[in-house]
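Single-letter residue listing:
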Amino acid sequence: MHRDLSLEIVRVTEAAAIASSSWTGKGNKHDADGAATSAMREYFSAVPFRGTVVIGEGEMDEAPMLYIGEEVGSGVGPEFDVAVDPLEGTDIVASGRNNALSVVAIAEKGNLLHAPDMYMAKLAVGPRLAGKLSLEDPLEVTIQKAASLLHKEISELTVSILDRNRHAEHIMILRRLGVKIYLLSDGDVAGAMAVAFPETGIDLHVGSGGAPEGVLAAAALRCMGGELQGRLLPENEEEHLRCLAMGISDPSRVLSMRDLVGDSDIIFAATGVTSGDFLNGVKYGWGGRAQTHSVVMRAQTQTVRFIQCVHQLHEEQRGSA
């Protein structure tokens, strides 16, 4: 994989973050997502590769841009699978809360799981716990093992989980054990990624969220030496058949990192839209400028770079900001 692509991919997430940040707190998640998607697609056209969207805004008949199967890039160069979430946290931006991101991951063709749009049970951990826990274990066992491996008391562990009714039993178990809980209003990718950033203080991410977001988070964790295990949760026969059609013969089995993101090199980039646990949001300053804060990573080298950039906005960008 050409490492020069790293900076090209960051430009894509920066553009989407700037475009969507102007909708912060305005209560309109659809326009925020539309702005991010349009900007991301435009900037993709200059990236020197032949990309195919395998995780995007939906099927071709559901999404006008960045739909599954759409070809992106300049049309010249190597072929890649592309996973995108132009605005991870549409409700977050609409309500003006923290941890919204613009996210892109690319890998050599055939490596990223074409995850269907359904729920996935997840267990995400950082490098110290990678390969040492199992999604097959009951949550109580997972917590006990994690505490022992990290040389912590159970009461010292911090676990993140989406604040959803479907997680009521998980949350009850965690509280009974005395674990510190970090409840996420939204932001499944950011929540899973946080386990690999020591400064967040989060040890594990558990519960269920979107399967496409699981692949994106797994791509990031692979670049940082972490791990995400997943299990698809089809809710009806139609979703079960969709798994089979996408090549997932046994939706009930635990998906490993290899299943989710393959063995090839990966480039992952994320730009903060609103400030969060490890990235600052877009900030606007004097003279029609915007400041972005991004992270870009590569699996082969496990290099993690934080990039702070000041952008001179064009006239049309200023008008929407």
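Everything here concerns the structure above.
As the structure is a computational prediction, the values presented were derived from the model and not from experiment. (Residues numbered from 1 in each chain as written. Predicted model: local features only at pLDDT ≥ 70, side-chain atom pairs only at ≥ 80, totals over all residues. Heavy atoms only, no water.)

A. View of the overall build of the protein chain. Counting its secondary structure elements, the protein chain contains 10 helices and 13 strands. Carbon and sulfur atoms make up 47% of the accessible area of the protein chain, which amounts to about 13,800 Å² in all. Counting 28 positive and 43 negative side-chain charges, the protein chain places the averaged centre of each group 6 Å from the other. (Helix = DSSP H or I, 4+ residues; strand = E, 2+ residues; numbered from the N terminus. Areas by Shrake-Rupley, 256 points an atom, 1.4 Å probe, with all protein chains shown as cover. Lys, Arg positive; Asp, Glu negative; His and termini not counted. Charge placed at Lys NZ, Arg CZ, Asp CG, Glu CD.)

B. Just the pairing of strand S1 (residues 50-55), in detail. Of the pairings in the sheet, the one linking S1 to strand S3 (residues 79-88) comprises 5 bridges and is parallel in character. Bridge pairing in S3 links Arg-50 to Glu-79. Sheet topology note: the S1/strand S2 (residues 71-72) ladder contains 2 bridges and is antiparallel. Across the sheet, Gly-51 pairs through a bridge with Val-72, a residue of S2. (Pairing = 2+ DSSP bridges.)

C. Focus on the environment of Asp-91. Inspection of the secondary structure puts Asp-91 in helix H3 (residues 90-95). We classify Asp-91 as partly exposed; its relative accessible area is 31%. Sequence-wise, Asp-91 and Glu-108 are 17 residues apart; in three dimensions their C-alpha atoms are separated by 32 Å. Setting aside anything within four residues of it in sequence, one finds Asp-91 in contact with Lys-29, Arg-97 and Asp-186. (Buried < 20%, exposed > 50% of the residue type's maximum accessible area, 1.4 Å probe, protein only. Contact = heavy atoms within 4.5 Å.)

D. Focus on the packing of helix H1 (residues 5-21) against helix H2 (residues 29-44). Across the interface, H1 lies against H2 with an axial gap of 7 Å and an inter-helix angle of 150°. Viewed along their axes, H1 and H2 adopt a mutual orientation that is roughly antiparallel. Read as a crossing pair, H1 and H2 show a hand that is right-handed. Residues Ile-9, Arg-11, Val-12, Thr-13, Ala-15, Ala-16, Ala-19 and Ser-20 of H1 touch H2, and the partners they reach there are Ala-32, Ala-35, Ala-36, Ala-39, Met-40, Tyr-43 and Phe-44. Counted by class, the contact of H1 with H2 contains 12 nonpolar, 2 polar and 1 charged residues. (Axes fitted to C-alpha atoms, helices over the stretch in contact; angles between N-to-C directions. Parallel < 35°, antiparallel > 145°, perpendicular 65-115°, else oblique. Left-handed = near helix turned anticlockwise from the far one by under 90°. Nonpolar A, V, L, I, M, F, W, Y, C, P; charged D, E, K, R; others polar.)

E. Quick look at the pattern of salt bridges. Applying the stated criterion across every chain yields a total of 13 salt bridges. Note that Asp-186 is salt-bridged to Arg-164, the shortest N-O span being 2.9 Å. Here Asp-186 is found in the loop between strand S7 (180-184) and helix H6 (188-193), whereas its partner Arg-164 is found in the loop between strand S6 (158-162) and helix H5 (168-177), with 22 residues between them in sequence. Its relative accessible area of 26% is what places Arg-164 among the partly exposed residues. When salt bridges that share partners are traced, they join Arg-97, Arg-164 and Asp-186 into one network. (Salt bridge = Lys/Arg side-chain N within 4 Å of Asp/Glu carboxyl O.)

F. Highlighting the environment of Arg-11. Within the secondary structure layout, Arg-11 lies in helix H1. For Arg-11 and Gly-187, which are 176 residues apart along the polypeptide, the C-alpha to C-alpha distance reads 21 Å.

G. Expanded view of the packing of aromatic side chains. Scanning all chains against the criterion turns up 4 aromatic pairs. The interplanar angle of 40° and the centroid separation of 5.8 Å between the aromatic rings of Phe-49 and Phe-80 together place this pair among those described as tilted. Taken together, the positions of Phe-49 in the loop between H2 and S1 and Phe-80 in strand S3 put the pair 31 residues apart, joining distant regions of the chain. Like Phe-80, Phe-49 is buried. Where Phe-197 meets Phe-278, the ring centres are 4.4 Å apart and the plane angle is 10°; that geometry is what we call stacked. Taken together, the residues Phe-197 in the loop between H6 and strand S8 (204-210) and Phe-278 in the loop between strand S10 (266-272) and strand S11 (283-285) connect sequence positions 81 residues apart. Of the two residues examined, Phe-197 and Phe-278, each falls in the buried class. (Phe/Tyr/Trp six-rings, centres within 6.5 Å; stacked < 30°, edge-to-face > 60°.)

H. Highlighting the packing of helix H4 (residues 139-149) against H5. Across the interface, H4 lies against H5 with an axial gap of 10 Å and an inter-helix angle of 40°. As summarised for this structure, H4 and H5 are arranged oblique, according to the angle between their axes. At the point where H4 passes H5, the crossing takes the right-handed sense. Within the contact between the two elements, H4 uses Leu-139, Glu-140 and Ile-143 and H5 uses His-170, Ile-173, Leu-174, Arg-176 and Leu-177. Looking at the contact of H4 with H5 residue by residue, the class counts come to 5 nonpolar, 1 polar and 2 charged.

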